[in-house]
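Observations on the three-dimensional arrangement
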Amino acid sequence: MIRAEKIVIKDFRGIRDLTIDFKTKNFAICGPNGTGKSGIVDALEFALTGGISRLSGEGTQGISIKAHAPHVDSRNKPDNARVVFTASLPTLGKSVTIERSVNQPNAPTISDTSPAVLSILATVAVHPEFVLSRRELIQYVVSTPGDRAKEVQSLLRLDAVENLRQMLQKIANSAKKEVGPLSSEKGIAQNNLLSALEITQLTKEKVLEAANKRRKVLGLDPIAALESGTSLKDGLAAKAADKTTVPKVQALSDLGQLKEAIESLRKNVESEKTKSALERLEALKSNAHMETLAKQERLLKSATELVLNDTCPVCDTEWAPTTLKAHIAEKLKALEATTNEVAEVEAQLQPLLESVASYRDALSTVKKYGQKLKPAVDTSAMEAYATALGDHAKVVRDFTQVPATLNSIATISSPMPAGVEGCKSQIAAAIAAIPDPTDQDAARDSLTVAQERLETYRSVSLRLKQAEERGAIAKKAYDAYLKASTEVLNGIYKGVADEFADLYSYINSDDEKSFTAKLTPSMGKLGFDVDFYGRGDFPPGAYHSEGHQDGMGLCLYLALMNRLLGKGFTFAVLDDVLMSVDSGHRREVCNLLKEKFPDTQFVLTTHDPIWLKHMQTAGLVAGSNQLHFRTWNVDEGPTDWNDRDVWAEIDAALEKGDVHDAAATLRHYLEYIFGEICNNLRAPVPFRSDARYQLGDFASPAIGHLKKLFKNGMDSATSWGNTTVADDIDAAEKRFTAKVTASNVEQWQINASVHYNEWANLSPQDFKPVSDAFHELIRAFHCDCGPLYVSSELPPQSLRCSCSKININLKKK
Amino acid sequence: MSTQESTSADIPGQTYDKFIAQLKADEMPAEVVDQLKKLLSSDAPITDASLRAALFLESK
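Residues numbered from 1 in each chain as written. Chains lettered and ligands numbered in written order. Predicted model: local features only at pLDDT ≥ 70, side-chain atom pairs only at ≥ 80, totals over all residues. Heavy atoms only, no water.

The subject of this paragraph is the overall build of chain B. Assigned secondary structure in chain B consists of 3 helices and 0 strands. Listing the helices and strands of chain B from first to last along the sequence gives α-α-α. Here chain B holds 60 residues, and 37% of them are scored as buried. When the accessible area of chain B is evaluated, it comes to approximately 3,400 Å², of which 52% is carbon and sulfur surface. (Helix = DSSP H or I, 4+ residues; strand = E, 2+ residues; numbered from the N terminus. Buried < 20%, exposed > 50% of the residue type's maximum accessible area, 1.4 Å probe, protein only. Areas by Shrake-Rupley, 256 points an atom, 1.4 Å probe, with all protein chains shown as cover.)

Below, the structure written as structure tokens:
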């Protein structure tokens, strides 16, 4: 997609003003911690995406790009904080410049707005994962399967796939839930209809037979067929039953139904299922911890449904909705055991709840008769009881608190209150006292009620059918999506695992050439097992060292990126990632990046200068394509040793009488430059296992080695009979020795901290000759064009500079 | 072989194609499939409501 050409960073993070020319090649940025390396990484990410990963996500509440991306001195002037990034677009053969200010991160100025360019930039903008930090690297390897799945899904842009799966699952679940209550409602409606027609089976034939029997009494034509719009009381309209009177026969039947409903409830209260549910609820109640977990589970389930925007529905804290949902899902997962227990108890209580629904419906029917009777019966107690039953049933269904649930079950299970019982008896007595209807009145009443109940039955049947259809469609869609995504992901993971194993074997070819790996996806999780020296497959953290695990993290990242972007994987920023790879395989890692990813431009940061050298000597990074920060301060940001005149800085400090500053600058510069000189001359430096090299570790080898090279040059010139050249080299060696003596360098190498203190105690006048002598000494390792270096052959054939003004042949005749 | 010879994975795209094919194989009503195709291939964010509307043909 892109390669980095150049970036200009102003007043951004810890950087005041910095320009880097990447030249579209691999580029290394080295410097101690806190010198601004990550500021450059942030600037690259910001330029391309408008975001900064380190300022968002977990653990960054209260931090925002607008408030905290500008340099601290420009925090109130976000428009000053700008990044101008020039990218090469290899596929289009052109370059584009993107300028973003922190003030308007999502409104970049783009130099070329042609659709092809914008399409590439839009693709890059949704891939912040081109930046890999060590923190992210390790998450791929040693996190839990659930966390790893999230990381990998996020990297592979699977969030959209997973979100859609979750949405389909939620819809399928909710559609399924709609069916249960409607099914129960249909059962009640059916019983009511059967009761009205005094039949026991609901078939078309039985309904017609019962209806036509009544129609015959009324002298109405029989109904030939029962269709969806058929009215049982067709032709009866003119003689409609008086709705203000109570149809005695039907009312008696409905009283009988109420009795049956009471009996059904009693049986369910005493059933084994209900008893078992009560025991489990008591256990939950006596275990305060479990009860708390049950409450948490309910709360979290509700919270998931209430995450509608970017704030927490409970405390209004700002969250990215997907992050918050994932956070809640993680907590819910931890409550899995409680969730299962609660689900089983709910299932056991279902029959009880269904009998309560029938009971309430029967009460409601009887209550209506009471209101129609003359004189009317006061049904307020019955009405209040029916309402209370409904409320308690809701408490049981919602299951918010165990004690409240137990209390509601106890109320539901209690016998009908005396007041209600009295009301029922009053209604029953009043109905019994109604004169028996004539056959015609009874038939008319029965047909009228039956038709009402048939319509109710038809309505609820239709709603149930629709709900079942929705449930079937939602389930089919979910199953199809699950199958499709599983197939795709299995293929992807297999490919990633194989490629990962290839890459890891490459950097560990010395002892893990036959390395294999398995990525095993399952619902919301991603298992990761790797071979351990042929002894079996284990999680990466089980036996492999941390360094090897870091190597795995890098290889997994590269395999995933390759899978994600393919030939579009042209740019990646590895932020202090290589540092953590085990030291024995660094060169192999450099070779891996160079050889397996020849079309990818890597920007690599490290705080280890030795790593920087590895990158150079392995040919991963060219000598000129690097920044080596020496320090950082809040006013100036990071500074490179090569971008300023150190000697002028020292003189300026001395003019101000600040020997402390001048001495510190000289010492740090000498530590840096002698290291560079040793590298350029290939001077042998005694190995330090802690890699904490100091001035003395580099200065002596550098001086001694240059003297040796001069001697080799003289011997070579003599062997070729070039006495003039030999004399010139001899003179150069003598000048060099004089400069070494003048600098008194050996004297300053006894103890680093003592030197520093001694220099700092000198007066400006006394320190000036010291710095001048070192200036001269360092010049002796340089030509006007740049540093002296030895040629790349082994053994080196020449000591030279870039302009060839100095070119000493080291090979004897 | 360079690892960069492998092709990129448009995973959501691949999943979409397989999903639609699976729906057809499962004889999902054509109208529902059309609505889902329209929703999933548009740039608009997919919400619970829009997905329900597509599945249950509620937008009609």
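Helices and strands together make up the secondary structure of chain A, namely 26 helices and 19 strands. Here chain A holds 813 residues, and 48% of them are scored as buried. Long-range pairs, those at least 24 residues apart, make up 67% of the contacts in chain A between residues at least 6 apart in sequence. Summed over all atoms, the accessible surface of chain A reaches about 38,400 Å², with 52% contributed by carbon and sulfur. (Contact = heavy atoms within 4.5 Å.)

Applying the stated criterion across every chain, the model contains 16 aromatic pairs over all chains. Between Phe-500 of chain A and Tyr-504 of chain A, the ring centres sit 6.2 Å apart and the planes meet at 25°, which makes this aromatic pair stacked. Of the two residues, Phe-500 of chain A and Tyr-504 of chain A both sit in helix H16 (residues 439-507), 4 residues apart, roughly one turn of that helix. By the burial criterion, Phe-500 of chain A is buried, and Tyr-504 of chain A matches it. Ring centres of Tyr-669 of chain A and Tyr-672 of chain A lie 6.1 Å apart, and the angle between their planes is 45°; this geometry places the pair in the tilted category. With a gap of 3 residues between them, Tyr-669 of chain A and Tyr-672 of chain A both fall in helix H22 (residues 659-681), about one helical turn apart. Here the two residues Tyr-669 of chain A and Tyr-672 of chain A agree in accessibility, since each one is buried. Among the aromatic residues, those joined into a cluster by ring pairs are Phe-674, Phe-710, Phe-736 and Phe-781 of chain A. The ring centre of Phe-56 of chain B lies 5.9 Å from the NZ or CZ of Arg-470 of chain A, which sits over that ring. (Phe/Tyr/Trp six-rings, centres within 6.5 Å; stacked < 30°, edge-to-face > 60°. Lys NZ or Arg CZ within 6 Å of the ring centre and 35° of its normal.)

With 40 residues of chain A at the contact, the number on the chain B side is 29 residues. Between chain A and chain B, a total of about 2,900 Å² is buried, with carbon and sulfur atoms accounting for 68% of that surface. In this assembly, chain A and chain B are joined by 1 salt bridge. Between Lys-18 of chain B and Glu-487 of chain A there is a salt bridge, and its shortest N-O distance comes to 3.2 Å. When residues of the side of chain A that touches chain B are assigned to their parent elements, the largest contribution, 16 residues, is made by H16 of chain A. For the side of chain A that touches chain B, a count of residues per class yields 23 nonpolar, 5 polar and 12 charged. (Buried area = accessible area lost by both parts, 1.4 Å probe. Salt bridge = Lys/Arg side-chain N within 4 Å of Asp/Glu carboxyl O. Nonpolar A, V, L, I, M, F, W, Y, C, P; charged D, E, K, R; others polar.)

Turning to the pairing of strand S12 (residues 601-606) of chain A, a few remarks are in order. All names here are of chain A. Within S12, 6 of the 6 residues are buried, which leaves it mostly tucked inside the rest of the structure. Two strands pair when backbone bridges link them, and strand S11 (residues 571-575) and S12 are joined in this way by 5 bridges, in the parallel orientation. Bridge pairing in S12 places Val-573 opposite Val-603. (Pairing = 2+ DSSP bridges.)

A separate point is the pattern of salt bridges. Where side chains of opposite charge bring their charged atoms close, a pairing between them can arise. Residues and elements named next belong to chain A. Inspection of every chain in the model, using the stated rule, returns 30 salt bridges over all chains. Here Glu-99 and Arg-82 are joined by a salt bridge, their closest N and O atoms 2.9 Å apart. Taken together, the positions of Glu-99 in strand S5 (residues 94-101) and Arg-82 in strand S4 (residues 82-89) put the pair 17 residues apart, joining distant regions of the chain. Judged by relative accessible area, which is 27%, Glu-99 ranks as partly exposed. In this structure, Arg-280 and Glu-344 form a salt bridge, with 2.3 Å as the shortest nitrogen-oxygen distance. Within this pair, whereas Arg-280 is found in helix H9 (residues 272-286), its partner Glu-344 is found in helix H12 (residues 336-372), the two being separated by 64 residues in sequence.

Here we take up helix H21 (residues 646-655) of chain A. All names here are of chain A. Buried residues of H21: Val-646, Trp-647, Ile-650, Ala-653 and Leu-654, and no others. What you see down the axis of H21 is that its buried residues fit within an arc of 120°, all on one side. Of the residues trailing H21, Gly-657 is marked for its positive phi of about 80°. (Arc of directions from axis to C-beta.)

All names here are of chain A. In spatial order, the strands read S17-S18-S19; together these 3 strands make up an open sheet with antiparallel pairing. Every other strand in the sheet has two partners, leaving strand S17 (789-790) and strand S19 (807-809) as the edge strands with one partner each. Strand direction decides the pairing type here: strand S18 (residues 798-800) and S19, joined by 3 bridges, are antiparallel. For Arg-800, the partnering residue across the bridge sits in S19 and is Asn-807. The sheet strands contacting helix H23 (residues 695-719) are S17, S18 and S19, and the helix crosses S19 at an angle near 65°. (Axes fitted to C-alpha atoms, helices over the stretch in contact; angles between N-to-C directions.)

Ranked by size, the top nonpolar core spans 118 residues in total, and within it Ile-2, Ile-40, Phe-85, Phe-500 and Leu-558 of chain A together with Phe-19 and Leu-55 of chain B carry the most contacts. The leading source of residues in this core is H16 of chain A, at 18 residues. Sequence-distant contacts of Ile-40 of chain A, that is, excluding residues within four places in its chain, are made with Ile-9, Ile-15, Leu-18, Ile-20, Ile-29, Leu-627 and Phe-629 of chain A. If you look at the next biggest cluster of nonpolar residues, it comprises 47 residues, including Val-659, Tyr-669, Phe-674 and Ala-702 of chain A. (Core = buried A, V, L, I, M, F, W, Y, C linked by side-chain atoms within 4.5 Å.)

Next up on the list: the pairing of S4 of chain A. Residue and element names in this part refer to chain A. Buried residues dominate S4, accounting for 6 of its 8 residues. By the bridge criterion, 7 bridges tie strand S1 (residues 3-12) to S4 in an arrangement that is antiparallel. From the neighbouring strand, Ile-9 faces S4, where its bridge partner is Val-83. Both S4 and S5 contribute to a ladder of 8 bridges, which runs antiparallel. Opposite Thr-86, over in S5, you have Thr-97 as the bridge partner. Between S4 and S5, which follow one another and run antiparallel, lie 4 residues, and Gly-93 among them has a positive phi close to 65°.

All names here are of chain A. With respect to the secondary-structure elements, Ser-446 resides in helix H16. Polar contacts involving the side chain of Ser-446 include one to the main-chain carbonyl oxygen of Ala-196, which spans 3.1 Å. Looking at Ser-446, its side chain comes within polar contact range of the side chain of Arg-214, at 2.5 Å. Ignoring sequence-local partners within four residues, the contact set of Ser-446 consists of Ala-196 and Arg-214. (Polar contact = N/O pair within 3.5 Å; in protein donor to acceptor, adjacent residues only side chain to side chain.)

Let us now look at the confidence of the model for chain A. Residues and elements named next belong to chain A. Of all residues in chain A, 85% attain a pLDDT of 70 or more, and the chain-wide mean is 83. When pLDDT is averaged over each helix and strand of chain A, the minimum, 55, is found for helix H25 (residues 752-761) and the maximum, 94, for helix H7 (residues 204-217). Under a pLDDT of 50 for its full length, residues 749-756 has, in the predicted model, 13 contacts with residues more than four places off or in other chains. (pLDDT = per-residue confidence, 0-100.)

Here we take up unusual backbone geometry. Outside of glycine, negative phi angles account for most residues, and trans bonds account for most peptide bonds. The omega torsion of the bond from Lys-374 of chain A to Pro-375 of chain A falls at -5°, within 30 degrees of zero and hence cis. Tracing the sequence through the fold places Pro-375 of chain A in the loop between H12 and helix H13 (380-398). Even without glycine at this site, Asp-11 of chain A takes up a positive phi of about 50°. As for its placement among the helices and strands, Asp-11 of chain A is situated in strand S1. Even without glycine at this site, Glu-27 of chain B takes up a positive phi of about 60°. Mapped onto the fold, Glu-27 of chain B is located in the loop between helix H1 (11-25) and helix H2 (30-40).

Our focus in this paragraph is the confidence of the model for chain B. All names here are of chain B. For chain B, mean pLDDT is 81; residues scoring 70 or higher make up 82% of the total. At the level of individual helices and strands, chain B shows its lowest average pLDDT in H1, which scores 91, and its highest in H2, which scores 94. Model confidence for the complex: the whole-complex pTM is 0.58, and ipTM, which rates the interface, is 0.91.

All names here are of chain A. Within the secondary structure, Leu-709 is located in helix H23. A relative accessible area of 4% places Leu-709 in the buried class. A C-alpha to C-alpha distance of 9.0 Å links Leu-709 and Val-790, two positions 81 residues apart in sequence. Excluding residues that lie within four positions of it along the chain, Leu-709 makes contacts with Leu-681, Val-790, Leu-799 and Leu-810.

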